[in-house]
There are 2 protein chains.
Amino acid sequence: MNKIIEKGELKYMQVAEGIEQLIHEDIFKIGDKLPSVRLLSNEQGISVGTAFQAYYHLEGKGLIESRPKSGYYVRYNTRRMPGVPATIVPFVKESEVSINEMVADVYNYITADDLINFSFACPDISLLPAARINKSVVHAIRSNKNHCLHYEHLQGNVELRKQIARLCFNWGAKLTGDDIMITSGCMEAMMMCLKAVTKAGDTVAIESPTYFGIFQAMESLGLKVVEIPCDPVTGMDLAAFEKAIKKFNIKAAVVVPSFNNPTGSCMPDANKKKLVELITKYQVPLIEDDIYGELYFGKNRPRTCKTFDKEGMVLYCSSLSKSLAPGYRIGWCIGGRFLNEIRHLKSIHNLSAPTITQVAIAHFLSIGRFDYHLKQLRKSLHVQCLRYIQAISEYFPESTCTSRPEGGFVLWLELDKKIDSYKLYKEALKHHISVAPGRIFSTHPDYSHCIRISYGKPFTPDIEHGLRVLGQLVKKMSR
Amino acid sequence: MNKIIEKGELKYMQVAEGIEQLIHEDIFKIGDKLPSVRLLSNEQGISVGTAFQAYYHLEGKGLIESRPKSGYYVRYNTRRMPGVPATIVPFVKESEVSINEMVADVYNYITADDLINFSFACPDISLLPAARINKSVVHAIRSNKNHCLHYEHLQGNVELRKQIARLCFNWGAKLTGDDIMITSGCMEAMMMCLKAVTKAGDTVAIESPTYFGIFQAMESLGLKVVEIPCDPVTGMDLAAFEKAIKKFNIKAAVVVPSFNNPTGSCMPDANKKKLVELITKYQVPLIEDDIYGELYFGKNRPRTCKTFDKEGMVLYCSSLSKSLAPGYRIGWCIGGRFLNEIRHLKSIHNLSAPTITQVAIAHFLSIGRFDYHLKQLRKSLHVQCLRYIQAISEYFPESTCTSRPEGGFVLWLELDKKIDSYKLYKEALKHHISVAPGRIFSTHPDYSHCIRISYGKPFTPDIEHGLRVLGQLVKKMSR
């Protein structure tokens with residue numbers, strides 16, 4: 001039965017992809033009426049149900065629309081998408097990180113209910129398998145011999161580490177649970193890794209722009225940063241990185257190579273390989289944040305830098321906060337040759353992660369529901385991504401450039417240079433809308449006219465309203 | 001009904017206390033036969049049941065024993081307890097903390113099943129209300145509108161903070177949830193507080209001996225320590241502390257004033273008040289670890305330093321790891337004037353604590369079961385404490401000195417000066433017994449002949465066997 005459904009899925013997808021291609025090539029133009037469901041069914045030799053499914057899928061992506069009693073019409077052409085943001089070459093020098101109040105401001109609203117929240121890169125709860133996870137929680141408290149009351153193993157629950165080793169196999173790693181250290185989310189993993197390979201006063205290379213949490217970590221550890229320019233599609237400029245290594249005494253590098261936050265860029269596998277060769281040659285430990293790696297829209301999961309790491313120089317960090325359960329705070333790192341030091345730091349800091357969350361998630365992963373959930377989540381996110389981009393191209397000024405993420409959660413928008421996005425943030429807040437201002441993604445003001453929009457929430461009328469209001473504010477401010 | 005039982009409890013306790021006093025004063029001598037239950041009942045005007053309860057209680061404390069078909073006999077006299085360890089004045093100078101492998105060694109066995117474990121200061125699972133907590137977990141996943149999947153508020157779950165403010169009322173604090181910051185256990189609270197008030201290279205005053213986790217925190221933050229001598233009964237020597245403040249440039253102090261780990265000392269309330277006056281006068285922020293404060297054996301809960309803090313100079317840290325659920329990693333701090341900085345540091349490090357554990361524990365606290373549980377736990381720990389001391393006085397060499405904790409979990413044993421307790425630790429491990437060697441509680445070798453014994457586990461034949469074997473090893477090594 002399952003097999004048949006799967007086959008059916010493939011067929012409607014094939015048909016939908018064919019139609020999408022025709023729209024993209026302007027053979028079906030915007031406003032054109034599409035063949036009726038019956039005609040499509042006859043032409044393609046598929047059932048009426050499958051033909052409906054194909055149109056339904058394209059409608060979900062916002063490419064076509066149904067008009068009552070008339071049929072399906074082309075609504076949108078991906079070629080009409082807004083331009084892509086330019087690579088901004090930050091003024092490269094060593095600089096003390098200066099954390100600003102903006103981040104605290106934005107984060108303050110993390111649990112607010114009355115906001116249209118575009119500022120958190122995090123999945124909507126409706127996209128997560130709550131019932132299944134709850135079952136695993138109940139299983140955990142019933143099956144664990146100490147009722148999950150005892151401290152966990154310092155390195156993390158043994159079964160959970162095994163399950164994570166299995167996940168890592170997806171991107172070509174052959175690991176055992178012993179290679180993995182469980183942490184309270186990905187940021188804790190990053191903090192521990194940074195602490196393990198640097199000391200106060202050291203200089204670390206990072207991408208520009210970069211996730212503000214990484215800046216804050218650096219500042220808190222007394223580190224200096226060198227920002228390396230990044231291509232909005234392929235990520236870190238490796239030539240610029242090598243130059244920086246030669247110029248500065250760089251002690252470590254931090255990258256988010258797959259579906260970067262905030263730009264959405266994805267470093268091609270060949271570049272990842274080259275990056276690992278570089279850091280191995282210069283013996284610069286590389287801290288890799290792969291938190292978005294599983295959320296790809298394409299056919300295959302991108303590799304990781306760790307895939308190409310032969311000498312244990314890559315410290316790989318990830319978590320389930322973006323893909324399964326943000327509030328469970330389950331992260332991990334693969335510390336390579338620095339594992340012992342990382343375990344020591346974690347045990348000093350907060351001993352071990354909570355037991356119940358680890359036992360429950362280990363159970364959830366072991367029953368094999370995660371793969372299925374991920375498939376659904378990727379599909380939803382891809383659709384949301386396209387719908388958000390379409391709304392932005394509709395409501396924002398024409399000069400607005402938008403990234404084209406192939407995975408992850410976030411859109412990076414380049415607005416008119418005149419716009420101060422922190423002012424925009426403040427203004428939007430008055431309308432109960434929250435966005436992440438570009439200024440918080442760099443130590444330099446280069447991105448002051450950019451904003452980051454998370455498309456973690458399904459595209460509802462509320463969301464559309466939010467984007468419309470935002471667009472109006474941007475238009476007003478760019479006058 | 002409840003009221004009657006409570007009255008009954010009081011009566012048997014009164015009778016038991018009377019007999020205990022007579023034993024203590026050597027009126028009933030060791031080996032003496034005690035009055036029969038019937039006689040006791042007649043003499044005291046109590047029911048036979050209550051008389052039984054009184055004897056049963058004294059038997060639980062190890063003071064008397066029943067001999068089959070003969071009656072109750074005096075088994076032990078608290079005056080025959082071993083001596084109390086001396087105050088050791090450590091060689092006071094500033095010193096780089098050097099963390100040793102010993103701690104990693106001891107901690108490695110945190111989840112081992114096949115050990116008689118005297119090295120963890122933590123309650124046996126059988127002493128914890130597992131079924132009630134599990135009910136609260138189920139309530140949490142059912143009642144939370146996001147199924148506990150969403151990130152929690154950065155400062156911690158609002159209801160949990162309210163409940164903790166209520167707990168703090170027990171020691172005289174008038175707080176609201178806004179004053180409290182939830183952390184992943186007490187050590188994380190301590191780390192955040194230390195980071196908030198010091199920077200690398202600063203000097204911090206600590207007690208001697210002190211919990212090794214505090215040393216490790218210091219080392220990891222690049223801090224220097226000055227160890228202040230402590231009385232085994234009343235805790236930190238305040239005159240020595242003031243002298244140290246004048247001599248060194250002390251930026252903060254860390255104390256465990258109630259039921260200190262490892263010595264078990266409890267600073268009298270008057271000393272706590274004086275300590276707070278001192279640190280306020282010299283403007284030295286005081287980090288107070290009150291993790292054992294609720295586990296008192298006497299009539300009243302000891303005050304905290306925070307009780308006497310008028311200027312927000314005390315950073316109070318605690319958790320539920322010793323009293324309710326070690327594996328839940330629920331800790332908190334009251335940051336006083338440093339709260340904002342602490343919240344910032346926590347959010348950088350791992351965003352927020354997990355949601356499900358916070359929601360569940362908030363529910364458990366709100367239904368009012370915690371007070372009842374604590375009463376039971378205190379009683380059990382008190383009995384265990386006495387039984388352990390008695391076994392030690394029986395099986396260890398006569399020269400062994402043992403602390404007399406009035407609360408908490410741990411006994412501090414001073415052995416023959418010849419004994420290297422790390423060697424003893426290694427030797428005991430061969431017999432599947434784990435103790436905490438004294439060397440890990442100081443940067444100096446002053447405590448190399450001491451060990452710390454946790455009495456968190458009920459006194460079973462296994463435990464008695466463990467103490468007997470330990471005693472034999474000590475005897476062998478002191479030859």
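This structure is a prediction, so every number in the text was calculated from the model and none was measured.

**So, the packing of helix α2 (residues 37–44) of chain B against helix α3 (residues 48–60) of chain B**
Residue and element names in this part refer to chain B.
Then comes step 1: Closest axis-to-axis distance for the α2/α3 pair is 8 Å, and the angle between their directions is 110°. The pairing of α2 with α3 is recorded here as roughly perpendicular in orientation. For the pair α2 and α3, the crossing hand works out as right-handed. Across the interface between the two elements, Val37, Arg38, Leu40 and Ser41 from α2 touch Val48, Ala51, Phe52 and Tyr55 from α3.
Then comes step 2: Across the contact of α2 with α3, the residue classes break down as six nonpolar, one polar and one charged.

**Details of the domain arrangement of chain A**
Interfaces are often sized by the accessible area lost when the parts come together.
Residues and elements named next belong to chain A.
Then comes step 1: For chain A, the assigned domains are domain 1 (2–79), domain 2 (93–126 + 372–478) and domain 3 (132–370).
Then comes step 2: Summarising the inter-unit geometry, the C-alpha centres of domain 1 and domain 2 are found 30 Å apart.
Then comes step 3: Domain 1 puts nine residues into the contact, and the matching count from domain 2 is eight residues.
Then comes step 4: Summing the contributions of domain 1 and of domain 2, the shared interface buries around 780 Å²; its carbon and sulfur component is 48%.
Then comes step 5: When the area that domain 1 buries against domain 2 is broken down by residue, the three leading residues are Lys61, Arg75 and Tyr76, summing to 56%.
Then comes step 6: For the interface between domain 1 and domain 2, the tally reads zero salt bridges.
Then comes step 7: Our count for the domain 1 to domain 2 interface comes out at three residue pairs in polar contact (both at pLDDT 80 or more).
Then comes step 8: Elements supplying a minimum of two residues to the side of domain 1 that touches domain 2: α1 (2–24) and α3 (48–60).
Then comes step 9: Across the side of domain 1 that touches domain 2, the residue classes tally to three nonpolar, two polar and four charged.

**A word on the relation of the copies chain B and chain A**
Then comes step 1: For the pair chain B and chain A, the relating rotation is 180°, the translation along its axis is 0.0 Å, and the fit reaches an RMSD of 0.1 Å. What the superposition gives is, in effect, a two-fold axis relating one chain to the other. Taking the C-alpha atom as reference, chain B places Val138(B) closest to the rotation axis, 3.5 Å from it.
Then comes step 2: In this assembly the copies share their binding face: 98% of the residues contributing to the interface of chain B also contribute to that of chain A.

**Here's the deal with the interface of chain B and chain A**
Then comes step 1: Counting residues at the interface gives 55 residues for chain B and 54 residues for chain A.
Then comes step 2: Approximately 4,800 Å² of surface area, both sides summed, lies buried where chain B meets chain A, with 66% of it carried by carbon and sulfur atoms.
Then comes step 3: When the buried surface of chain B facing chain A is broken down by residue, Leu149(B), Tyr151(B) and His349(B) rank first, second and third, together holding 17% of it.
Then comes step 4: Our count for the chain B to chain A interface comes out at zero salt bridges.
Then comes step 5: Linking chain B with chain A are 17 residue pairs in polar contact (both at pLDDT 80 or more), by the criterion used here.
Then comes step 6: When residues of the side of chain B that touches chain A are assigned to their parent elements, the largest contribution, six residues, is made by helix α5 (residues 130–143) of chain B.
Then comes step 7: Among the residues making up the side of chain B that touches chain A, the classes are represented as 30 nonpolar, 17 polar and eight charged.

Definitions and limits used
Residues numbered from 1 in each chain as written. Chains lettered and ligands numbered in written order. Predicted model: local features only at pLDDT ≥ 70, side-chain atom pairs only at ≥ 80, totals over all residues. Heavy atoms only, no water. Axes fitted to C-alpha atoms, helices over the stretch in contact; angles between N-to-C directions. Helix = DSSP H or I, 4+ residues; strand = E, 2+ residues; numbered from the N terminus. Parallel < 35°, antiparallel > 145°, perpendicular 65-115°, else oblique. Left-handed = near helix turned anticlockwise from the far one by under 90°. Contact = heavy atoms within 4.5 Å. Nonpolar A, V, L, I, M, F, W, Y, C, P; charged D, E, K, R; others polar. Domains from an automatic or database assignment. Buried area = accessible area lost by both parts, 1.4 Å probe. Salt bridge = Lys/Arg side-chain N within 4 Å of Asp/Glu carboxyl O. Polar contact = N/O pair within 3.5 Å; in protein donor to acceptor, adjacent residues only side chain to side chain. Least-squares fit on C-alpha atoms with pLDDT ≥ 70 in both.

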